[in-house]
Amino acid sequence: MSDSKTPLLDELEKGKWPSFVKDLKKLAQRSPKAKDLLGQLELSYKDKMTHWKHGGIVGVKGYGGGVIGRFSDAGDQFPGAAHFHTVRVNQPSGWFYTSSALRELMDIWDKYGSGILNMHGSTGDLIFLGADTDNLEPLFTDLSNADWDLGGSGSDVRTPSCCLGPSRCEFACYDTLALTYDITMTYQDLLHRPFFPYKWKFKMAGCPNDCVASIARSDFSIIGIWRDNIRMDQEAIKEYAEAGLNIAADVVNKCPKNCIEWDGKALKIDDECCSKCMHCINVMPKALRPGEDKGACILIGAKAPIVEGAQLSSVLVPFMKLEPPYDELKSLIQRIWDFWDEFGKARERIGECIQRIGLGNFLEKIGLEPVPQMVLQPRDNPYIFYEEYFEEE
Amino acid sequence: MATPQRRTDIGPPHYEKFLHPIIKNNYGKWKYHEVLKPGVLVHIAEGGDKIYTVRAGSPRLMSSDFVRLLCDLAEKYCDGYLRFTSRNNVEFLLANKDNIEPLINDLSANGIPVGGTKNTISNIVHTQGWVHCHSAATDASGLVKSVMDELCDYFTGKIELPHKLRIAVACCLNMCGAVHCSDIAILGVHRRPPKINYERLSNLCEIPSIIASCPLAAIRPTIIDGKKSVEVDEDNCMYCGNCYTVCPAMPIANPLNDGVSIWVGGKVSNARTAPMFTKLAIPFLPNNPPRWPEAVAAVKNIVEVYAKGAKKYERVGEWINRIGWPKFFDLTGIEFTKYHIDDFKYAGKTYRTTTQMV
């Protein structure tokens with residue numbers, strides 16, 4: 001019989017996909033915290049339940065977010081897991097690193113924590129898992145001296161994140177990295193100190209493919225789009241056809257608006273009817289490109305189910321030009337936050353708040369004119385709250 | 001003792017520091033890209049410059065040594081430049097085409113698969129699970145490892161799919177991963193109401209906040225042993241766990257009854273069809289660590305039926321919309337039950353109001 005202390009987890013050392021168990025077991029040889037984390041996880045696998053207690057308030061001085069307290073309910077058995085706090089480190093825009101920067105971060109983390117981390121968390125941060133309470137301040141000091149800062153947690157601006165945009169993608173309709181950096185720096189105070197009724201997530205996507213799931217996961221979604229015509233290179237289209245692409249089947253017939261024609265020689269697009277869905281561009285990136293009048297569609301309110309049900313973001317501004325210093329965008333954000341301060345309830349996301357107040361009323365409060373792009377269709381019930389009427393003389 | 005020097009509110013380092021020189025020189029000037037093979041991309045700039053990308057799968061949960069291994073490879077083949085994707089893949093950015101194959105060989109010698117581009121199953125986005133979360137109904141890392149071991153050939157492109165397929169895992173209804181908009185989602189679920197620890201509750205929790213936390217107003221104020229407390233109308237509880245998030249004295253984990261549910265047909269991209277939510281496929285499967293064979297088999301079955309039946313460029317949700325839900329349940333052999341019919345807000349919007357059944 002094996003004398004392994006983690007027989008269940010050991011099963012996960014097998015198989016084709018990289019094994020976190022193999023990796024963490026190696027780490028455990030030098031990190032007692034990692035060893036006890038594995039011990040506790042084995043216990044969870046045996047008991048079929050978590051052994052983490054609920055929360056606990058810890059942090060670094062002057063910050064209300066960025067550190068999430070995590071205490072074990074099996075600390076007697078696994079002292080290294082007794083305190084196992086999460087430290088969210090604000091990632092660089094687009095998740096770009098150099099090896100030297102990563103090495104410096106890993107050395108700091110090994111010095112103060114378990115050596116276990118996530119690349120990356122769901123919101124975008126680089127996440128250190130497993131710090132003792134006493135190590136939080138020195139860890140933060142070393143991080144800040146190496147030019148890193150903490151991300152958000154709790155009812156604050158959560159760490160904004162973006163797709164890699166113009167750095168390595170030809171589809172990007174605005175500079176997602178620059179805007180993310182600008183927004184992150186502009187709202188540092190709100191990112192580190194929770195002032196809001198609940199969390200607020202920004203996600204910047206460069207085009208309607210939305211590789212950062214902005215429309216599903218952010219309270220404020222900024223998704224790149226263009227207003228003019230798709231740029232075409234007829235020679236490159238022919239090359240695709242000659243290379244075997246079935247343009248009729250894979251491009252024309254897949255166009256949701258039936259606005260593409262192909263006669264075997266030239267492609268025609270009726271841009272008036274184009275919904276800018278990206279399909280044809282995705283299939284033939286060498287031949288088709290977004291137009292030149294680029295900007296972003298601003299949407300609001302996405303969230304996961306808790307509490308009132310999941311929501312996707314819905315259109316607030318169909319098109320906005322996005323150039324530094326982004327005054328129009330920031331003014332809109334401020335007006336929404338002012339509204340939220342006044343009308344939001346505790347633990348109610350902005351999307352739920354808008355559902356409760358009504359999109360029409362919300363628009364009035366933030367000073368935006370209603371436009372048909374905001375809805376899929378006008379209302380189909382007659383229960384209108386009329387606000388204008390005549391009084392008898 | 002003097003406080004050591006520390007700086008606050010400095011924000012993250014500027015991304016420009018980390019950009020490969022070719023990327024910096026061609027920022028915003030990319031013309032098109034090609035997928036040279038699964039996991040290998042080339043981006044071509046207006047002026048003709050090229051940057052190669054090798055995308056590899058990583059476990060999201062890793063050690064500092066694993067990061068150092070990635071750094072070693074980045075230094076050996078791409079001047080130390082690397083990045084991560086929104087699906088927890090790692091990408092090596094190469095100036096030199098000749099380094100692609102040696103890098104892939106080194107990756108595979110270290111057990112790290114290359115793929116995740118175009119019509120593949122990319123890395124699974126997931127949450128913390130039992131590794132690090134108090135409200136988890138299941139583990140995420142072990143579940144993901146088990147699913148990806150089985151589906152690895154779809155990641156590497158060895159088996160091709162009609163279109164890209166995105167899987168996500170969330171270990172409770174908080175859904176810290178975007179499972180509500182994935183092609184296939186595995187969602188940890190609780191199935192019993194919270195158990196109230198009355199003694200802790202009166203010391204720890206705000207009663208109005210607990211009452212307000214329940215989306216079904218199933219929590220009411222009461223007096224227990226002369227102290228203000230709460231009671232749960234258990235028939236009205238749908239096990240969302242929001243009260244537990246607000247009050248640690250209302251734990252909802254229940255090893256006998258916790259497990260996973262399987263969801264299908266979501267997407268976030270606007271390509272062809274609008275973004276869609278995932279819909280329920282299987283209401284409950286048991287937690288069966290360390291390998292979760294029931295959940296793995298269920299996901300694999302859906303992937304295989306989709307791969308066989310979908311047309312080129314159809315995501316799972318688009319395929320199901322074409323063939324209709326009755327056919328989906330028929331082809332996958334998944335039982336349709338009362339649980340599949342919505343009974344939350346706006347449930348009526350999902351009832352079929354046409355004679356068209358497809």
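The preceding data block contains the structure.
The text that follows walks through the structure, step by step, so that each part is easy to find. (Residues numbered from 1 in each chain as written. Chains lettered and ligands numbered in written order. Predicted model: local features only at pLDDT ≥ 70, side-chain atom pairs only at ≥ 80, totals over all residues. Heavy atoms only, no water.)

**Description of the state of the cysteines**
Taken as a whole and judged by the stated rule, the model has one disulfide over all chains. Here Cys205 of chain B connects covalently by a disulfide to Cys247 of chain B, the sulfurs 2.1 Å from one another. Here the S-S torsion is close to 75 degrees, and the disulfide linking Cys205 of chain B with Cys247 of chain B is therefore right-handed. Of this pair, Cys205 of chain B sits in the loop between α5 (198–204) and α6 (207–213) while Cys247 of chain B sits in the loop between α7 (242–246) and β12 (259–264), placing them 42 residues apart in sequence. Of the two residues, Cys205 of chain B and Cys247 of chain B, both sit in the buried class. The thiol sulfur of Cys211 of chain A is not disulfide-bonded, and the nearest other cysteine sulfur, from Cys207 of chain A, lies at 6.3 Å. Cys255 of chain A supplies the cysteine sulfur nearest to Cys259 of chain A, a cysteine that is in no disulfide, at a spacing of 3.6 Å. (Disulfide = S-S within 2.5 Å. Helix = DSSP H or I, 4+ residues; strand = E, 2+ residues; numbered from the N terminus. Buried < 20%, exposed > 50% of the residue type's maximum accessible area, 1.4 Å probe, protein only.)

**Quick look at the interface of chain A and chain B**
Counting residues at the interface gives 116 residues for chain A, matched by 116 residues for chain B. Buried surface at the junction of chain A and chain B, summed over both partners, amounts to about 10300 Å²; 58% is from carbon and sulfur atoms. Per-residue buried area on chain A facing chain B is highest for Trp17, His54 and Arg168 of chain A; these three make up 10% of the total on that side. For the interface between chain A and chain B, the tally reads 14 salt bridges. Between Glu308 of chain A and Lys345 of chain B there is a salt bridge whose closest N-O contact spans 3.1 Å. (Contact = heavy atoms within 4.5 Å. Buried area = accessible area lost by both parts, 1.4 Å probe. Salt bridge = Lys/Arg side-chain N within 4 Å of Asp/Glu carboxyl O.)

**Structural notes on the sheet that holds strand β13 (residues 294–300) of chain A**
All names here are of chain A. Overall, mixed pairing links the five strands, which are arranged β6-β7-β8-β13-β14 in an open sheet. Among the strands making up the open sheet, the edge pair consists of β6 (161–162) and β14 (314–320). Sheet analysis places strand β8 (residues 220–226) next to β13, joined by seven bridges and oriented antiparallel. Bridge assignment links Ile223 to a residue of β13, and that residue is Cys297. Sitting on the sheet, helix α12 (residues 327–343) is in contact with β7 (202–205), β8, β13 and β14, with an inclination near 155 degrees to β14. (Pairing = 2+ DSSP bridges. Axes fitted to C-alpha atoms, helices over the stretch in contact; angles between N-to-C directions.)

**Looking at the pairing of strand β1 (residues 30–37) of chain B**
Residues and elements named next belong to chain B. Here six bridges tie β1 to strand β2 (residues 40–45), and the two strands are oriented antiparallel to one another. Across the sheet, residue His33 finds its bridge partner in β2, namely His43. Counted between consecutive antiparallel strands, the loop separating β1 from β2 contains two residues, among which Gly39 sits at a positive phi close to 90 degrees.

**Quick look at the environment of Gln373 of chain A**
Residue and element names in this part refer to chain A. Mapped onto the secondary structure, Gln373 falls in the segment after α14 (359–366). Gln373 sits in the partly exposed class, given a relative accessible area of 47%. With residues up to four places along the chain from it excluded, the contact list for Gln373 reads Val315 and Pro318.

**Focus: the packing of helix α2 (residues 64–78) of chain B against helix α3 (residues 100–109) of chain B**
Residue and element names in this part refer to chain B. It is the contact of α2 with α3, at a shortest axis distance of 10 Å, that shows an interaxial angle of 165 degrees. By the criterion of interaxial angle, the relationship of α2 to α3 is roughly antiparallel. Handedness of the α2/α3 crossing: right-handed. Packed against α2, whose contacting residues are Leu73, Lys76 and Tyr77, the element α3 presents Pro102, Leu103, Asp106 and Leu107 at the interface. (Parallel < 35°, antiparallel > 145°, perpendicular 65-115°, else oblique. Left-handed = near helix turned anticlockwise from the far one by under 90°.)

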